[in-house]
Amino acid sequence: MIRRRTRVAAEPVMTGPAPIVAAPIVAASGIHKHFGALHVLKGVDLAVAERELVFVIGPSGSGKSTLLRCCNRLETPSSGRIIVDGIDLLDRHTDINAVRRRIGMVFQQFNLYPHMTARGNVTLALRKVLGKGRAEADEIADAALARVGLAEKANAYPLELSGGQQQRVAIARAIALEPRVMLFDEPTSALDPELVGGVLAVMRSLREAGMTMVVVSHEMGFARAAADRVVFMDHGLVVEEGPPAQIFGAPEQERTRAFLRQLDH
Amino acid sequence: MDEFIATFFNVEVIRAASPILLQGLWMTLLLVLVAVPLGIAGGVLLAVLSVFRHPAVRWPLIAWVDFFRAFPPLVLLVFIYAGLPFAGIEIGAFGCVAIGFFLNTSSYYGEILRAGIESIPRGQVEAARSTGLSAAQTMTWVVLPQAVRNVLPDLVSNTLEVVKLTSIASVVALPELLFQARQAQSVTYNPSPIVAAAIIYFLLLWPFVRLLSRLEHKAVARR
Amino acid sequence: MDSWDRFVFTFFNAQVMATYLPRIVEGFFLTVQLALLIVISGLALGLLLAVVRSFGIRPLNWLIIFLVDLFRALPPLVIIVLIYFGLPSLGAAPSGFVSTWISLTLVLAAFAEEIVWGGILAVPKGQWEAARSTGLGFATTLTHVVLPQALRLSIPPLTNRTIAITKGTALGSVVAVAEILSVASGAVGFSSNPSPLTLGAIAYLILFVPVVAFGRWVETRFAWKR
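So, how was this worked out
- Residue numbering note: each chain is counted from 1, following its sequence as written.
- Chain A is the first chain written and ligand 1 is the first ligand written, with later ones labelled in order.
- Given that this is a predicted model, residues contribute local features only at a pLDDT of at least 70 and side-chain atom pairs are listed and counted only at 80 or more, while totals for whole chains, interfaces and linings are drawn from all residues.
- Side-chain metrics in this entry use all non-hydrogen atoms of the structure; hydrogen atoms and water are not considered.
- Numbering of helices and strands starts at the N terminus; helices are DSSP runs of H or I of at least 4 residues and strands are runs of E of at least 2.
- Multiply 1.5 Å by the residue count of a helix minus one, and that product is the helix's expected span.
- Consider a residue and the seven residues that end there alongside the seven that start there; fitting an axis to each set, the bend is the angle between those axes.
- Here a polar contact means two N or O atoms within 3.5 Å. Within protein one must be a hydrogen donor candidate and the other an acceptor candidate, and residues neighboring in sequence count only if both atoms are side-chain atoms.
- Any two residues whose heavy atoms approach within 4.5 Å are treated as being in contact.
- Simply put, the buried area is the total loss of 1.4 Å probe accessible area from both parts when two parts are fitted together.
- Each salt bridge in this description consists of a side-chain nitrogen of Lys or Arg and a carboxyl oxygen of Asp or Glu lying within 4 Å of one another.
- When residues are sorted by character, Ala, Val, Leu, Ile, Met, Phe, Trp, Tyr, Cys and Pro go into the nonpolar class, Asp, Glu, Lys and Arg into the charged class, and all the rest, Gly among them, into the polar class.
- The buried label applies to any residue whose accessible area, calculated with a 1.4 Å probe on protein chains only, is under 20% of its type's maximum; exposed applies above 50%, and partly exposed to all values in between.
- The nonpolar core is taken to be a set of buried Ala, Val, Leu, Ile, Met, Phe, Trp, Tyr and Cys residues, with the residues joined through side-chain atoms within 4.5 Å.
- Whether two strands pair depends on DSSP finding at least two bridges between them.
- Helix axes use the C-alpha atoms of the stretch in contact, all axes being lines fitted to C-alpha atoms, and the angles between their N-to-C directions lie in the range 0 to 180 degrees.
- For every residue, the predictor reports its confidence as pLDDT, a number between 0 and 100.

Trainee: I'd love a proper account of helix H2 (residues 14-54) of chain C, names of residues and values included.
Mentor: All names here are of chain C. Across its 41 residues, H2 extends 56 Å between first and last C-alpha, which sits within 8% of the 60 Å expected from 1.5 Å per residue. Within H2, the axis deviates most sharply at leucine 21, by approximately 50°, and proline proline 22 lies no more than four positions further along. For H2, the side-chain oxygen to backbone nitrogen distance between the N-cap and glutamine 15 is 3.1 Å, and the N-cap itself is asparagine 13. Residue glycine 56 follows H2 closely and has a positive phi angle near 65°.

Structure below.
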């Protein structure tokens, strides 16, 4: 059964500008995904408006990461429709590489290129996808690294950086391409606790600059403080969604309550 | 096309050559049965000796291993085969091949096993010794079995190389598969016997090459 | 003459050595030349095959896998003999030098393909995903992100395999390539003294001991990182 919730636009938002008027930047509808016999997504809808920060939570195996990866076609949905910034991702004629550079992605394991410096990591796509010259690419990269507070690490290799610093370089690599939306796939799960704060601070500053973001994460404190909307998924379905105050304060669904109770322990 | 087949896959020639090719195959297998166990035994000895980190053991050992790894096996074989009679030693082609293979392959097996032994964490030895096992028992029952498993793809790969290497015995007139094939070719003026020998080698070794590919990719995936 | 003198006279005969030294030196440089050609063409071909294989074109990959298996399974000397004695029946008569070059190139290419392909498989999937998520295409991702890492992983095994196959240049003596071994053993026949072989052995040591030491260095150097 597909759950369709109509969003209430009038709901006051804790931080950031008021959302949802124009066409959404990400509009996924009726997404199904099978891995062999496994039915991971069972008809999921997700719409993200410009400048909105959507937080996706749920137990492991709920399909939240798969949903995120469908949004830039790292996974191809078995059926459904995904429109990002007006472009149909599943259309055969879509140049997927051209779309992907407008969708920033940040991975749990950072996935920095170990054979390149921080600056090299950021400039690769600038030069090879956008065709910028070395000098211009370096300039953009240094600005992006400065935004994540790592201007002085431009010449460091990933192995010389802490996990938190690596993840911030990965964020710089994505924002340097000036994406219309950023996808975060458990960006802090692989980090030691003391390194999480730096990454969240960078994400908060992106949010304040008006970046549209979809975040899959277990950082509930961050969700409470920064999200416009929280989506709770379980067993490949969206169970419930709404503003953080509602989801964390007064969830309607028993499954949501059970999940949040577990987290408290 | 007919001419091609008559040249390279001439059934009559191959049928006529088949008895001596078969003799050659047995000789090749006999060589393998001698060379592989000898090489492994020598390799184990070299690897176990390398555990002693004392410079008086370590450096001669490295020199010995690198010396025989630097020599092309064929050069070593020819040197033994052509040189020994001048020193008044006559041991025949088979003896020369056995000595040459022993010196060459034991060095390779030794290097592989040494890497395997070094891959075993120090804690394994400490744990074994703490239960009262002697150094030799620890090596035999704790370290070597794990070492062998860690370098199994390399051991299989090296064994494959040894089997292929037996073909150089043809140079010192030992009647193994390649030698017999060349004899047949020179008598019939037709390369079909060499093609037949190549096919025999391939059929014999292909399963091991496949196995090796699987082992190697599995080792990569485990990292 | 005591036995030591006889030993020196037999195996380290200065007069015989002096006579044949120039020819051994010539053989030395021919060996170096042959070895370099094999290394360059074999590694290039192997790399090319690995790259082609990563495109995942089914029938093409089956062909590559079969050829790689074939040249890993056949003894190099069998391939040399087959090309040298077999091809003339087809009208092409490659020299011993060319036969050895082609044969060992094919063997090295087969091993190199397998090693580089293993390296490509060993690069984590996340590297592909990260690159593709920034809009890089398959080819750019392969050449700029995956291959540099795959080659780094491949260097130690590739170095050792290349050294081992290069030593196969001695097999050229079977098909009349005037490299070190063939010059030396020919000289033994002329002079009825094995000293030229000693000289040949020394020439091989001069050539390959540094190379083997280099291989050892590469192995430790690249083992530390990662």
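Trainee: Now, about unusual backbone geometry: what can you tell me, with residues and values included?
Mentor: Non-glycine residue histidine 235 of chain A carries a positive phi angle of around 50°. Along the chain, histidine 235 of chain A turns up in the loop between strand E9 (229-234) and strand E10 (237-242).

Trainee: Explain the interface of chain C and chain A residue by residue, including any values.
Mentor: Every contact between the two is made by 17 residues of chain C and, on the other side, 21 residues of chain A. Of all residues in chain C, Glu129, Ser133 and Thr134 of chain C bury the most surface against chain A, accounting for 31% of the area lost on that side. Along the contact surface separating chain C from chain A lie one salt bridge. Salt-bridge contacts for glutamate 129 of chain C lead to arginine 69 of chain A; the nearest nitrogen and oxygen are separated by 2.4 Å. Where chain C meets chain A, there are six residue pairs in polar contact (both at pLDDT 80 or more). Of all the elements in the fold, those that place two or more residues in the side of chain C that touches chain A are helix H6 (125-133) and helix H7 (138-166) of chain C. When residues of the side of chain C that touches chain A are assigned to their parent elements, the largest contribution, eight residues, is made by H6 of chain C. A breakdown of the residues in the side of chain C that touches chain A according to their chemical character gives five nonpolar, nine polar and three charged.

Trainee: Give a description of the environment of glutamate 241 of chain A that names residues and reports values.
Mentor: For glutamate 241 of chain A, the position within the fold is in strand E10. Along the primary structure glutamate 241 of chain A and phenylalanine 55 of chain A are separated by 186 residues, whereas in three dimensions their C-alpha atoms are 9.5 Å apart.

Trainee: Can you tell me about helix H4 (residues 73-83) of chain B, naming the residues and giving the values?
Mentor: Summarising burial for H4 of chain B: eight of the 11 residues are buried, a large majority. Listed in full, the buried residues belonging to H4 of chain B are Pro73, Leu74, Val75, Leu76, Leu77, Val78, Ile80 and Gly83 of chain B.

Trainee: Provide a residue-level description of the nonpolar core, including the pertinent values.
Mentor: Buried together is how nonpolar side chains tend to be arranged in soluble globular proteins. Core analysis: the largest hydrophobic core is formed by 101 residues, its most contacted members being Phe55, Ile57, Ile171, Met182, Phe184, Met203 and Met213 of chain A. In this structure, isoleucine 171 of chain A is in contact with Val106, Val148, Met182, Phe184, Val199, Val202, Met203 and Leu206 of chain A, ignoring residues within four places of it in sequence. Membership of the second largest hydrophobic core comes to 100 residues, among which are Ala47, Ile112, Ile120 and Ile168 of chain B.

Trainee: Residues and numbers for the sheet that holds strand E6 (residues 103-106) of chain A, please.
Mentor: Residue and element names in this part refer to chain A. Strands sit in the order E6-E7-E8-E3-E9-E10 across an open sheet of six strands; the sheet is mixed. What marks the edges here is a single partner per strand, and that holds for E6 and E10. Taking each pair of neighbouring strands and ignoring which way they run, the sheet shows an average axis angle of 20°. Pairing of strand E7 (residues 181-185) with strand E8 (residues 212-216) involves five bridges; the strand directions are parallel. When the bridges of E8 are listed, valine 181 appears paired with threonine 212. Contacts from helix H6 (residues 193-208) reach strand E3 (53-57), E7 and E8, with the element oriented near 150° to E8.

Trainee: Talk me through the confidence of the model for chain B; I want residue IDs and the actual numbers.
Mentor: All names here are of chain B. Confidence in the prediction of chain B, expressed as mean pLDDT, is 88, and 98% of residues score 70 or more. Helix H8 (residues 152-165) holds the highest mean pLDDT among the elements of chain B, 93, whereas helix H1 (residues 2-8) holds the lowest, 79. Here the prediction assigns the complex a pTM of 0.83, and the interface score ipTM is 0.88.

Trainee: Describe the side chain of threonine 28 of chain B, and please don't skip the residues or the numbers.
Mentor: Residues and elements named next belong to chain B. Looking at where threonine 28 falls in the secondary structure, it is placed in helix H2 (residues 11-49). Here threonine 28 falls in the buried class, since its relative accessible area comes to 1%. With sequence-adjacent residues up to four places away left out, threonine 28 is seen in contact with Thr166, Glu176, Leu177 and Tyr201.

Trainee: Please provide a residue-by-residue account of the arrangement of the chains, values included.
Mentor: Sorting the two pairs of chains in contact by contact count puts chains B and C at the top. Chain A makes no contact with chain B; the smallest distance between any of their C-alpha atoms is 16 Å.

Trainee: Go over the pairing of strand E1 (residues 26-35) of chain A with me, naming the residues and quoting the values.
Mentor: All names here are of chain A. Pairing between E1 and strand E2 (residues 38-48): eight bridges, direction antiparallel. Looking at E2, one finds that histidine 32 is bridged to lysine 42. Note that E1 and strand E4 (residues 79-84) share five bridges and pair antiparallel. Counted as the bridge partner of histidine 32 is serine 79 from E4.

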